Amino acid sequence: MKILIVSDTHRQNGNLCQALLDEQPVDMLIHLGDVEGSEDYIHHIASCPVEIVAGNNDFFSRLERELELEIGPHRALLTHGHYYGVSMGAEGLADEARSRGC
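Residues numbered from 1 in each chain as written. Predicted model: local features only at pLDDT ≥ 70, side-chain atom pairs only at ≥ 80, totals over all residues. Heavy atoms only, no water.

Turning our eyes to something else, we now look at the overall build of the protein chain. Helix and strand content of the protein chain: three helices and five strands. Going from the N terminus to the C terminus, the protein chain shows its helices and strands as β-α-β-α-β-β-β-α. At 14 Å, the protein chain has a C-alpha radius of gyration in line with the 13 Å of a compact globule built from 102 residues. Expressed as a percentage of its 102 residues, the buried residues of the protein chain come to 36%. (Helix = DSSP H or I, 4+ residues; strand = E, 2+ residues; numbered from the N terminus. Rg over C-alpha atoms; globule rule 2.2 N^0.38 Å. Buried < 20%, exposed > 50% of the residue type's maximum accessible area, 1.4 Å probe, protein only.)

Structure, rendered in structure tokens:
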């Protein structure tokens, strides 16, 4: 299974389109936030299942801030990271993921 993971596209959808073209075929697209209202467009351009979580610039979004997802035999915690202070290090996020069995 090939999964394309992106974040922080900030409505620069041309860049995302190019990444999808460059990486074809893709079995799943995971967007880790800051779509800034482009979620419908992203679902439209992807020819695969799409999972999107809210980022710190998705102010009026109805996107979930976190998702727990089964990917084959693996369990993943999807989040933008700012809720866990990743700008200061990923340890808190890693601890949270482990505590959830991810």
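A word on the environment of Gln24. Here Gln24 lies in the loop between helix H1 (13-23) and strand S2 (28-31). The exposure class of Gln24 is partly exposed, given its relative accessible area of 36%. Distance from Gln24 to Lys2, taken between C-alpha atoms, is 9.0 Å for residues 22 residues apart in sequence. With residues near it in sequence (within four places) discarded, Gln24 still touches Lys2 and Ser47. Here Leu20 takes part through its backbone oxygen, which lies 3.1 Å from a polar atom of the side chain of Gln24. (Contact = heavy atoms within 4.5 Å. Polar contact = N/O pair within 3.5 Å; in protein donor to acceptor, adjacent residues only side chain to side chain.)

Here the idea is simple: oppositely charged side chains can pair when their charged atoms come close. Inspection of every chain in the model, using the stated rule, returns seven salt bridges. Here Arg75 makes a salt bridge to Glu70, at a shortest N to O gap of 2.5 Å. Classification of Arg75 as partly exposed rests on a relative accessible area of 31%. The structure contains a network of salt bridges with shared partners spanning Glu66, Glu68, Glu70, Arg75, Glu96 and Arg100. (Salt bridge = Lys/Arg side-chain N within 4 Å of Asp/Glu carboxyl O.)

Turning our attention to the nonpolar core. Formed by Leu4, Val6, Leu16, Leu20, Val26, Leu29, Val35, Ile42, Ala46, Cys48, Val50 and Ile52, the largest nonpolar core amounts to 12 residues. If you list the elements that add at least two residues to this core, you get strand S1 (3-6), H1 and strand S3 (50-52). Setting aside chain neighbours within four positions, we find Cys48 in contact with Val26, Asp27, Met28 and Leu29. Counting residues in hydrophobic clusters, the runner-up holds seven residues, among them Ile30, Leu32, Val53 and Ile71. (Core = buried A, V, L, I, M, F, W, Y, C linked by side-chain atoms within 4.5 Å.)

Just distances and angles here, no functional claims.
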